[in-house]
Protein chains: 2
Amino acid sequence: MTLSDEVRIALDGKWRHVREQSRKELPALDLAYDHSLTLEQARMRGLEQMRKLVPTGIPAAGFRPENGGTGDPGMAVTGIGMLAQFDLSLMVKAGVQWGLFGGAIENLGTKKHHDLYVRDLINLDLIGCFAMTETGHGSDVQSIETTATYDLATQEFVINSPTPSSRKDYIGGAALHAEVGAVFAQLITKGENHGVHCFVVPLRDKKGKDLPGVTTSDCGHKGGLGGVDNGRIMFDNVRIPRDNLLNKYGQVDEGGTYSSPVDNINRRFFTMLGTLVRGRVSVGGSASAACEVALSIAGRYALERRQFGASPEEEVLLMDYRMHQRRLLPLIAKSYAYRFAQNQLTARMHRLQTTDAPDAQESRELEGRAAGLKAAQTWHATKAIQEAREACGGAGYLAENRLTTLKGDTDVFTTFEGDNHVLFQLVAKELLTSYAQEVGGLDPVGLVRFAAGTVADVVKERTAASQLIQRLIDARPGKSDDDHDLLDRGAQLSLFEDREQHVLETAARRLRRADKNDPAAAFAVFNAAQDHVIRAGRVHIDRIVLEAFTAGIARCENEEAQDLLRDVCSLYALTTIEEDLAWFMGHNRLADTRAKTVTSLVNELLVKLRPHTLTLIEGFGVPEESLGAEMLNS
Amino acid sequence: MTLSDEVRIALDGKWRHVREQSRKELPALDLAYDHSLTLEQARMRGLEQMRKLVPTGIPAAGFRPENGGTGDPGMAVTGIGMLAQFDLSLMVKAGVQWGLFGGAIENLGTKKHHDLYVRDLINLDLIGCFAMTETGHGSDVQSIETTATYDLATQEFVINSPTPSSRKDYIGGAALHAEVGAVFAQLITKGENHGVHCFVVPLRDKKGKDLPGVTTSDCGHKGGLGGVDNGRIMFDNVRIPRDNLLNKYGQVDEGGTYSSPVDNINRRFFTMLGTLVRGRVSVGGSASAACEVALSIAGRYALERRQFGASPEEEVLLMDYRMHQRRLLPLIAKSYAYRFAQNQLTARMHRLQTTDAPDAQESRELEGRAAGLKAAQTWHATKAIQEAREACGGAGYLAENRLTTLKGDTDVFTTFEGDNHVLFQLVAKELLTSYAQEVGGLDPVGLVRFAAGTVADVVKERTAASQLIQRLIDARPGKSDDDHDLLDRGAQLSLFEDREQHVLETAARRLRRADKNDPAAAFAVFNAAQDHVIRAGRVHIDRIVLEAFTAGIARCENEEAQDLLRDVCSLYALTTIEEDLAWFMGHNRLADTRAKTVTSLVNELLVKLRPHTLTLIEGFGVPEESLGAEMLNS
């Protein structure tokens, strides 16, 4: 086995067999996006491609055996991520059908729904959509306006869109293919609103015509994802049977009486949302997968393309320029870091979702990590794919070299499944309220109201969970020993942890100043600290990622691969510190002289890693022949 | 007049009448990009739209009166920039025809070429392309491989593509519409290569069929610019008359003897390129124009859209969130800064290009600034349009709201007319070699070889040119007076100047260490310092831009507008300092305590500017009805 193989095995993690299967099977399915198609043709092709996926077993993996699936959520998420290496439209289309729509049915529904829908939706005998977002409310889902009013007389729910802003919007599948929707609406019975619930609402007949009272329309062209038929839905008092309420977390009996295992309306809502965590795990993983493709393309190009040099006969490889190394290698290192973090997240999600009674605290933590990692990974993808495009110059701008398609397709990932700023705010909120509060709303005032007395032990608690991390931190050399202690993992971990703790503590201190009983004043305090709060979420995730990378290296069984990964990990750690260097200096975590060594250490790592560029690219495991970039074939 | 009007007048600068004319005339021409068209239809539409521009007088402005133009280069550049507010495909198509192709004819050709081509190309009776870049060489144009060999027997040049990598590539117009090309090739006569020259080469007959020996092909779909028919050209020993050499800077007589007014082959090449500076000025200005549209859309959306709040009845405007202000207002401030810099650049270019004997030193300076500002503006556009897209969430991803089109269309601007990294390197080189050397090549070793003994006076020289700047710097309060001195313009200017001087000096010191006679060693020294060198170009432009903003405010005649612009300028200056805070701290330009005030001063400015958001957007002068974003109409 080559070093590339060893690195790939380490990166592939627990669901390596799924990755290997996808690498083998997916290229044969001819999944690459075709720009010569019209919008209509591209969407039809997307649907046909989806049908080819059914036999791979990936769709069934996402569902429990008793419902007709094979009960392997880790496989489902990994498999979706592998699709992202081929065609993001297909990934999204599959994610909507099996992840979001199917996930809503399985996790919010009960046996009657499982029996009725799960087998059909796995096999695509039933195509659905996930109708949550409205024109007026995206980030603040709790405030959506669609109503589901129980009509005692007919024992039906009446689904209605009372205002223009209550229109369901951007819904994948709503423009054309979805026959039914998992529709989120305010459940009202006996004149009382019990908050947002999910309902199965038939949308189209078998010929694709809107059913009475349903008006769908088309979002048209987008920045990418041409194969996804995003659309809008308006409901004009559409009647559905009482049984169409997905009633795991809220039930209305024949007489119109509401009951729920979760009393608090906020907690109930966030419990429901929490069951849908897989969507965020998939989006983060898919963004990273697409990003790895882009970096593979740009990296391989930089290993072929020459420009300038000491003489025309000795033109220099792009990858041999310091600037080019600076542009690409830190992004590759960060992609490695996120892959290890994603593997860890997937494993935790798998464990929790295959346990009969998952721990509530652990579930909350998982949600926080999934939210934060989704934000971190999708922003990284946006930045890295852009850099990859630019690093390939004019060739990078041609669709035949795929980078612009990767860019356009993944661009919306920073928005869907939660706007990234809102997600980091959510992460911070979970930390600042010490996971202790029942009320998990996203409203700013709530954050102020429930700011914890202290956050001091949050970091420690989490760190203590991993003895390896603690050992490394304890063993770090003293601050003054040697400039090179910045290459020590314990020193890096300690810097990351220290920063997180400080940012969290100072954020908490600012929030606590507010008069909690005056909403306007509370909002003002929150608002003045908003960038600080979001930063808290971001630095928390930085730490989680470095820990995951560290743990991943420890699990690698090949020494040579471990050595290489250690350098990659240091490049990730040091470039992350470099990006925030003013903070470390201003807060006396790095003296001026020590701070100056960060950049030279980064440059030393670039020199050290340059000869391994191809190995690192091959480690991503995107077969060269499936990169789909014409310029690499010439 | 409203404050918005006063601000707009200040921003519009000297060619305000052109901007006002465009705002009035262009909307009627129905120029918005139409995503429902096929590639073929979009390209045909682009050509038709171009014909509508002829009567506006913008095309003729770019040419000298004696050649059939109206001799107003400032108008030409401003007019092209205004097109960018409507459709970037059209802007590029127009830029290729009248700027690049027409510019090559006028600036590299002589009277016989002017008489033969200029009137026709203004009126679109002759459609051309600019065939410089090849598959193998883009940044390093001097190394292109296409040959133009003089055949004494027939008194013709033979144009040939000797290798696959000598194929002309990404050429706007080459796929379909160009009838002739301004083709760059190595001029060889009597067995000697005299370097790159430009030739008029017929490509297609009137029916659009390739002429004998010419093989064009299509670059197909791209990341954007669907209306531009980018293509490739291969020449198989195509014969053209001797007169088709654009012979202002190099002539071959009937007997095959070469002569040129510029002896040095490198200097000759860069003199020729220098005459084409208008291309970079146009691209930078157009990127900024597109960016202003994106910020206008996202800014207006943020002033309409509400999400979250203390209660559902009191949802908060996006623009009232600190984070949203942080995201958009500094980008708006930077766009203001670049507009003033662009106005200054345009005026200088206009002056030099309407002078009979332009000063060589001034011309070199202009080229450096045009290169650097192009890089700065196009990167700003890429970043700001991306942020604008994300700041509009799902709506931002729909083509009907235009942001993704602006993103895709402008994406390649960081690449064409020179890769931005290479351009900043060029800027640095001009500074590091004190404009003194005849050899203006871009090769790294040349940079090392000619690194100036000292750069100490470069900054001073340039600063002395502007007495206002010097007065402000001299009048700045002492460093220790008061934290708020960071709001003092003189203090800001001094920090920018100081940083530039230091970065330049240390870069020069590093380069001087090299053994200039050992190319490999010289390359190694250059390479180790490459990020430092590029940084020198970047911080130079930062300073130029701050000075231009300062000068622009001084020229503004309305006091209220001046006051507002002062705050915007400080926001630009302080966010620029904030981005590089670690440098200012590490180099003892800002003590830790003073550094910490930067962020709070930025936040204070955000609070102060928030009420003026709409005024600042209106100051850009993009009429609301021509923004072309559906979401703003609901």
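The structure presented is a predicted model; accordingly, all values stated were derived computationally and were not measured.

Some details on the nonpolar core
Here's step 1: If you look at the biggest cluster of nonpolar residues, it comprises 352 residues, and the most contacted ones within it are Y336(A) and Y336(B).
Here's step 2: With residues up to four places along the chain from it excluded, the contact list for Y336(B) reads V7(B), L11(B), F549(B), L565(B), V568(B), T615(B), L616(B), G619(B) and F620(B).

Description of the domain arrangement of chain A
Residue and element names in this part refer to chain A.
Here's step 1: Considered domain by domain, chain A is made up of domain 1 (3-122), domain 2 (130-266) and domain 3 (278-625).
Here's step 2: Between the C-alpha centres of domain 1 and domain 3 there is a distance of 26 Å.
Here's step 3: A buried area of about 3000 Å², summed over both sides, lies between domain 1 and domain 3, and 65% of it is on carbon and sulfur atoms.
Here's step 4: Sorting the residues of domain 1 by area buried against domain 3 places L3, L11 and Q85 first, and these three jointly supply 23% of that buried surface.
Here's step 5: The interface formed by domain 1 and domain 3 contains one salt bridge.
Here's step 6: Note that D12 and R339 form a salt bridge whose closest N and O atoms lie 3.4 Å from each other.

Some remarks on the interface of chain B and chain A
Here's step 1: Contacts between the two partners involve 76 residues from chain B and, on the opposite side, 76 residues from chain A.
Here's step 2: Carbon and sulfur atoms supply 54% of the area buried between chain B and chain A, which totals about 6000 Å² over both sides.
Here's step 3: In this assembly, chain B and chain A are joined by six salt bridges.
Here's step 4: Among the salt bridges present, the one from R389(B) reaches D411(A), with a minimum N-O distance of 2.8 Å.
Here's step 5: Here chain B and chain A share 54 residue pairs in polar contact (both at pLDDT 80 or more) between them.
Here's step 6: No other element matches the six residues that helix 11 (residues 360-391) of chain B contributes to the side of chain B that touches chain A.
Here's step 7: Each residue belonging to the side of chain B that touches chain A can be placed in one class, and the counts come to 26 nonpolar, 28 polar and 22 charged.

Thoughts on the pattern of salt bridges
Here's step 1: Evaluation of the coordinates by the stated rule reveals 82 salt bridges over all chains.
Here's step 2: When the shortest N-O distance is used, the salt bridge between K168(B) and E134(B) registers 3.0 Å. In this pair, K168(B) is assigned in strand 4 (residues 168-172) and E134(B) in the loop between strand 1 (128-131) and strand 2 (147-151), connecting sequence segments 34 residues apart. Comparing K168(B) with E134(B), the two get one shared label, buried.
Here's step 3: Between E387(B) and R327(B) there is a salt bridge whose closest N-O contact spans 2.7 Å. One end of the pair, E387(B), is in helix 11; the other, R327(B), is in helix 10 (residues 322-353), and 60 residues separate them in sequence. As far as burial versus exposure is concerned, E387(B) and R327(B) are alike and both buried.
Here's step 4: Within the structure, one salt-bridge network assembled from shared partners comprises D5(A), R8(A), D12(A), R16(A), R19(A), E20(A), R23(A), E292(A) and R339(A).

Considerations on the relation of the copies chain B and chain A
Here's step 1: When chain B is fitted onto chain A, the two copies agree to an RMSD of 0.0 Å after a turn of 180° and an axial shift of 0.0 Å. The superposition of one copy onto the other is thereby described by a two-fold rotation axis. Closest approach to the rotation axis within chain B is made by the C-alpha atom of A582(B), at a distance of 2.1 Å.
Here's step 2: Taken together, the interface assignments show that 100% of the residues at the interface of chain B recur at the interface of chain A, consistent with an identical surface on both copies.

Thoughts on the sheet that holds strand 8 (residues 230-235) of chain B
Strand pairing in a sheet relies on backbone hydrogen bonds. The paired strands run either parallel or antiparallel.
Residue and element names in this part refer to chain B.
Here's step 1: A sheet is described by the order of its strands in space; here three strands give the open sequence 4-8-7, paired in antiparallel fashion. Among the strands making up the open sheet, the edge pair consists of strand 4 and strand 7 (214-218). Across the sheet, the mean angle separating the axes of adjacent strands is 35° when strand polarity is ignored.
Here's step 2: Relative to strand 8, strand 4 runs antiparallel, the two being bridged by three bridges. Note on strand 8: the bridge partner recorded for G172 is N230.

A few points about the UniProt feature "domain: Acyl-CoA oxidase C-terminal" (unreviewed entry) in chain A
Here's step 1: The UniProt record annotates "domain: Acyl-CoA oxidase C-terminal" (unreviewed entry) at residues 492-629 of chain A.
Here's step 2: Overall, residues 492-629 of chain A shows 80% helix and 0% strand. The separation of its end C-alpha atoms is 37 Å.

Focus on the state of the cysteines
Here's step 1: Taken as a whole, this structure holds zero disulfides over all chains when the rule is applied.
Here's step 2: The thiol of C129(A) is unpaired, and the distance to the nearest cysteine sulfur, on C198(A), comes to 9.9 Å.
Here's step 3: Accessibility expressed as a relative area gives 0% for C129(A), which makes it buried.
Here's step 4: Unpaired in this structure, C291(B) has its nearest cysteine sulfur neighbour in C392(B), at a distance of 13 Å.

Concerning the sheet that holds strand 7 (residues 214-218) of chain A
Residues and elements named next belong to chain A.
Here's step 1: Spatially, three strands are ordered 4-8-7 in an open sheet, and the strand pairing comes out antiparallel. Strand pairing shows two members of the sheet lacking a second neighbour, strand 4 (168-172) and strand 7, which therefore form its edges. Between one strand axis and the next, the sheet turns by 35° as a mean value, whatever way the strands run.

Examining the pairing of strand 9 (residues 238-241) of chain B
All names here are of chain B.
Here's step 1: What you see with strand 9 is a clean split: V238 and I240 sit on the buried side and R239 and P241 on the side with no burial.
Here's step 2: Where strand 3 (residues 156-160) and strand 9 come together, four bridges link them in antiparallel fashion. Directly across from V158, in strand 9, lies its bridge partner R239.

What counts, and where the lines are drawn
- Numbers given for residues are sequential positions, taken from 1 along each chain in its written order.
- Ligands are numbered from 1 and chains lettered from A, in the order in which they are written.
- The predicted origin of the model limits local features to residues at a pLDDT of at least 70 and limits the giving and counting of side-chain atom pairs to 80 or more, whereas totals for whole chains, interfaces and linings rest on all residues.
- Side-chain calculation: all heavy atoms of the structure are included, whereas hydrogens and water are not.
- Here, nonpolar core refers to any group of buried Ala, Val, Leu, Ile, Met, Phe, Trp, Tyr and Cys residues whose side-chain atoms link them within 4.5 Å.
- Only protein chains enter the area calculation, which uses a 1.4 Å probe; residues under 20% of their type maximum are buried, those over 50% are exposed, and those in between are partly exposed.
- The contact definition used throughout considers only heavy atoms, calling two residues in contact when any of these lie within 4.5 Å.
- Start and end positions for the domains come from either an automated domain assignment or a database one.
- Joining two parts hides part of their accessible area as seen by a 1.4 Å probe, and the buried area is that hidden amount summed over both.
- A pair is scored as a salt bridge if a Lys or Arg side-chain nitrogen falls within 4 Å of a carboxyl oxygen belonging to Asp or Glu.
- Polar contacts, as counted here, are pairs of nitrogen or oxygen atoms within 3.5 Å of one another; within protein the pair requires one atom able to donate a hydrogen and one able to accept it, and residues that are adjacent in sequence qualify only if both atoms are side-chain atoms.
- Secondary structure elements are defined from DSSP: runs of H or I of at least 4 residues count as helices, runs of E of at least 2 residues count as strands, and each element is numbered from the N terminus.
- Each residue gets one of three labels, nonpolar for Ala, Val, Leu, Ile, Met, Phe, Trp, Tyr, Cys and Pro, charged for Asp, Glu, Lys and Arg, and polar for the others, Gly among them.
- Copy-to-copy superposition: least squares on the C-alpha atoms, limited to residues that have pLDDT of at least 70 in both copies.
- By definition, two strands form a pair when at least two bridges between them are found by DSSP.
- Note on geometry: axes are lines fitted to C-alpha atoms, helical ones only across the stretch in contact, with angles between N-to-C directions running from 0 to 180 degrees.
- UniProt positions are given in the numbering used here, feature names are shortened, and annotations may be inferred rather than shown by experiment.
- Cysteine sulfur pairs qualify as disulfides if the two atoms are within 2.5 Å.

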